[in-house]
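Now for the letters of each chain:
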Amino acid sequence: MDTAKKASRFFVTGRVQGVGFRFFAVGEAERLGLSGYVRNLRDGRVEAYAIGTPEQLAQFRARLEKGPRLSNVDFVAEQSADIDSQYASDFVTTSTL
């Protein structure tokens, strides 16, 4: 099992704004022990940046694909990212980009 920390960006498309998606993402990230952030994007998507093991990141993606009860997730795109030490200690909601 790979325990080295990695970072990924997840771009969630669908009905994901105004349905508690960011609150949901923070809760799921905290349950999985991830650090990073989640924010709304002006184009209607939600971006989540997470730091954790490959297994934690895969579990987080699976949970993002389901989303909270009122959401309707169409697609989750994932991109590898560099680890940003600014987000290495907890998981937060940041400003809309």
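Residues numbered from 1 in each chain as written. Predicted model: local features only at pLDDT ≥ 70, side-chain atom pairs only at ≥ 80, totals over all residues. Heavy atoms only, no water.

Another point: the sheet that holds strand β5 (residues 91–93). Within the open sheet, the five strands sit side by side as β4-β1-β3-β2-β5. Their pairing is mixed. Among the strands making up the open sheet, the edge pair consists of β4 (72–81) and β5. Across the sheet, the mean angle separating the axes of adjacent strands is 15° when strand polarity is ignored. As judged from the seven bridges shared by strand β1 (residues 6–15) and strand β3 (residues 46–52), these two strands associate in the antiparallel manner. Each residue of the ladder has a partner; that of Phe11, found in β3, is Glu47. (Pairing = 2+ DSSP bridges. Helix = DSSP H or I, 4+ residues; strand = E, 2+ residues; numbered from the N terminus. Axes fitted to C-alpha atoms, helices over the stretch in contact; angles between N-to-C directions.)

Time to look at the packing of helix α1 (residues 21–32) against helix α2 (residues 54–66). Interaxial distance between α1 and α2 falls to 10 Å at its minimum, and their mutual angle equals 150°. Compared by their axis directions, α1 and α2 come out roughly antiparallel. Crossing of α1 over α2 shows right-handed handedness. In this structure, α1 uses Phe21, Phe24, Ala25, Glu28, Ala29, Arg31 and Leu32 to contact α2, whose residues at the interface are Gln56, Gln59, Phe60, Arg63 and Leu64. By residue class, the composition of the contact of α1 with α2 is seven nonpolar, two polar and three charged. (Parallel < 35°, antiparallel > 145°, perpendicular 65-115°, else oblique. Left-handed = near helix turned anticlockwise from the far one by under 90°. Contact = heavy atoms within 4.5 Å. Nonpolar A, V, L, I, M, F, W, Y, C, P; charged D, E, K, R; others polar.)

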